[in-house]
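# Residue-level structure breakdown
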Amino acid sequence: MAISTNVMRFTLASVLTAVAAFAFVAVDTRPAAAATICESECGGPTPTPAPSYSPSPTPTYSPSPSPSPYPSSSPSPYPSSSPSPTPTPTGADSSGGSIGGLANQRFNQMITNRVLGTVLLGVNEQVNCSNCVSAFGSAGSFSAGIHGRKELTNNLSLLAGIAYTQYSEGGYNITSAPIGAFALRYDFTDWGSSRPFFDVGTILTPWEKARYTRSYNTSLGPVSVTSSTNAANYAVYGRAGWMSRVSPRDEVAASIEVWQLWQRVSGYTDSAVAFNPFDASIATGTDRTSLVKIGGQWTHLYGSNIEANINGGWVQSFAAHSGIVATVTGDGVVVPTMGNQGWFEYGGRFGFRVQKGWIVDLFANGTLGPQPVGNTIHGGVGLRINY
């Protein structure tokens, strides 16, 4: 019985001790929780909990990855800071060579202007005839004007005319070009049906609007530049010949002519184009050349209503000089040279007498030869009145 009482006492004491310990822990924990809730609701600083200790992880060695042998298919979001350079074109020598083409164009211009001017001086008419005046128009090179002749004395005649012309050939184009011409002819009529004659005269084109085209090649493609400027042409000549009235219906003549030609072209620079890496600047200059022509003509009357004339001759240039002085990018100053040229000139006319003193003329004139003169033809129709 005593043992049971002791056991009960020991058991009761152990229970009381456990209850007391549990109460102490509970009382110690509530104030901390209450303080935490209070500080959180009142906006006070939240205490940082004490870090718990954890051992540092042992680092593991990872080797650098090897570069992939295949490039990434995704483009970089940032462009490269150094763009690809634009290729530099070549072709300065070709650009410089194109200046020679301009010189050829300007030489052709001098010759064409002279051929058109000789129509005003009666190149398609007989040497000796009555007073007349003719209005005409031509195509091939557009030309419209009036010309004629007037006997001042039995031996001396005045030949004169004026026309408005437009023409182009081999890369150049001439517009708004008035041409005037006049000459004096002395015919030794008192020598009989076979006799000498002499002409002296001039052809004047004081102003004309011109467009010249030069073309050259580069490593990036061909370039063609057309530029506009003004020009003027002047010519003087002398002619000595012998004519013969071999029959009442036929007149033949042979002659030699000496010409001096000048052409003044105003300076200009290449017009603006999309691509012209080797541009050029052309200074104002004067082209000139001398010519000798040996030729002949025949005029024949068919019946009483049809009159025909054919004429032609060989022309040789000498002392030719180009007035071009060009400054070409990449090639410096370029001064083209011009050699002597030879070519054949021809002309003809058919006249139909519609009534006494009134004649309708069909005519043509042109050149045959190598460039820069080349093969050209200028034809037209005129109404001639004899008085």
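Note: the structure precedes this text.
Residues numbered from 1 in each chain as written. Predicted model: local features only at pLDDT ≥ 70, side-chain atom pairs only at ≥ 80, totals over all residues. Heavy atoms only, no water.

## Considerations on the sheet that holds strand β7 (residues 250-265)
Under the convention used in this document: One requirement defines pairing of two strands: DSSP has to find at least two bridges between them. A run of DSSP states H or I qualifies as a helix once it reaches four residues; a run of E qualifies as a strand once it reaches two. Both are numbered from the N-terminal end. The angle between two axes is taken between their N-to-C directions and runs from 0 to 180 degrees, where each axis is a line fitted to C-alpha atoms and a helix contributes only its stretch in contact. The contact criterion used throughout is that any non-hydrogen atoms of two residues lie within 4.5 Å.
Strands sit in the order β1-β2-β3-β4-β5-β6-β7-β10-β11-β14-β15-β16 around a closed barrel of 12 strands; the barrel is antiparallel. Across the sheet, the mean angle from the axis of one strand to that of its neighbour is 20°, orientation sign disregarded. Packing of helix α2 (residues 92-119) onto the sheet brings it into contact with β2 (142-151), β3 (156-169), β4 (172-187), β5 (194-218), β6 (221-247), β7, β10 (285-302), β11 (306-321), β14 (342-355), β15 (358-368) and β16 (376-386), and relative to β5 it is tilted by some 150°.

## Describing α2
Because an α-helix packs 3.6 residues into every turn, residues spaced three or four apart end up facing the same way. For the record, the criterion: Take the residue count of a helix, subtract one, and multiply by 1.5 Å to get its expected span. Partly exposed describes any residue whose relative accessible area lies between the buried limit of under 20% and the exposed limit of over 50%, with all areas from a 1.4 Å probe on protein chains only and scaled to the type maximum.
Along its 28 residues, α2 runs 43 Å from first to last C-alpha, staying within 8% of the 40 Å computed at 1.5 Å per residue. Among the 28 residues that make up α2, 22 are buried, leaving the element largely enclosed by the rest of the structure.

## Some details on the nonpolar core
To keep things clear, this is the line we draw: Think of a nonpolar core as a cluster: buried Ala, Val, Leu, Ile, Met, Phe, Trp, Tyr and Cys residues, connected wherever their side-chain atoms sit within 4.5 Å.
Counting residues in hydrophobic clusters, the biggest one holds 45 residues, and the most contacted among them are I99, F107, I111 and Y212. It is α2 that provides the largest number of residues to this core, a total of 9 residues. Among the nonpolar cores identified, the runner-up in size contains 5 residues, and A92, Y216, V225 and F278 belong to it.

## Describing a nonpolar patch on the surface
To be explicit about the condition: Exposure above 30% relative accessible area and the lack of any salt bridge qualify a residue for a patch; like charges then connect within 9 Å, and the nonpolar side chains Val, Leu, Ile, Met, Phe, Trp and Tyr within 5 Å. Here the accessible surface of atoms and residues is derived via Shrake-Rupley with a 1.4 Å probe, and residues count as covered only by protein chains that are part of the display. Salt bridge criterion: a side-chain nitrogen from Lys or Arg within 4 Å of a carboxyl oxygen from Asp or Glu.
Taken together, the side chains of V246, V252, W298, Y302, I306, I310, F350, F352, L362 and V381 present a nonpolar region at the surface, about 880 Å² in accessible area. Relative to the helices and strands, F350 resides in strand β14.

## Topic: empty space enclosed by the protein
For the record, the criterion: Computed over the protein atoms alone on a 1 Å grid, cavities are sets of points where a 1.4 Å probe fits but cannot get out and pockets are open sets with protein on both sides within 12 Å along at least five of seven lines; a residue lines them when it has an atom within 4 Å of a point. Grid points are joined across faces, edges and corners, and a volume is the space filled by probe spheres set on the points. As a working rule, the residues Ala, Val, Leu, Ile, Met, Phe, Trp, Tyr, Cys and Pro are called nonpolar, Asp, Glu, Lys and Arg charged, and the rest polar, with Gly in that last group.
For the structure shown, the criterion picks out 8 cavities of 30 Å³ or more. The computed volume of the largest cavity comes to approximately 320 Å³. In this structure, the largest cavity is lined by 23 residues; those nearest its centre are T118, V123, E257, K293 and N311. When contributions to the lining of the largest cavity are tallied by element, the ones reaching two or more residues are α2, β6, β7, β10, β11, β14 and β15. The element best represented in the lining of the largest cavity is β10, accounting for 4 residues. Split into classes, the residues belonging to the lining of the largest cavity amount to 6 nonpolar, 10 polar and 7 charged. What the second largest cavity holds in volume is close to 110 Å³. Lining the second largest cavity we find V119, G122, V123, N124, E125, S134, F136, H147, R349, D361, F363 and G382. Where the lining of the second largest cavity is concerned, the elements lending two or more residues are β1 (132-139) and β15. Of the residues in the lining of the second largest cavity, the class split is 4 nonpolar, 5 polar and 3 charged.

## Describing the side chain of Q105
Relative to the elements of secondary structure, Q105 occurs in helix α2. Judged by its relative accessible area of 6%, Q105 falls in the buried class. Sequence-distant contacts of Q105, that is, excluding residues within four places in its chain, are made with G170, G171, Y172, Y212 and T213.

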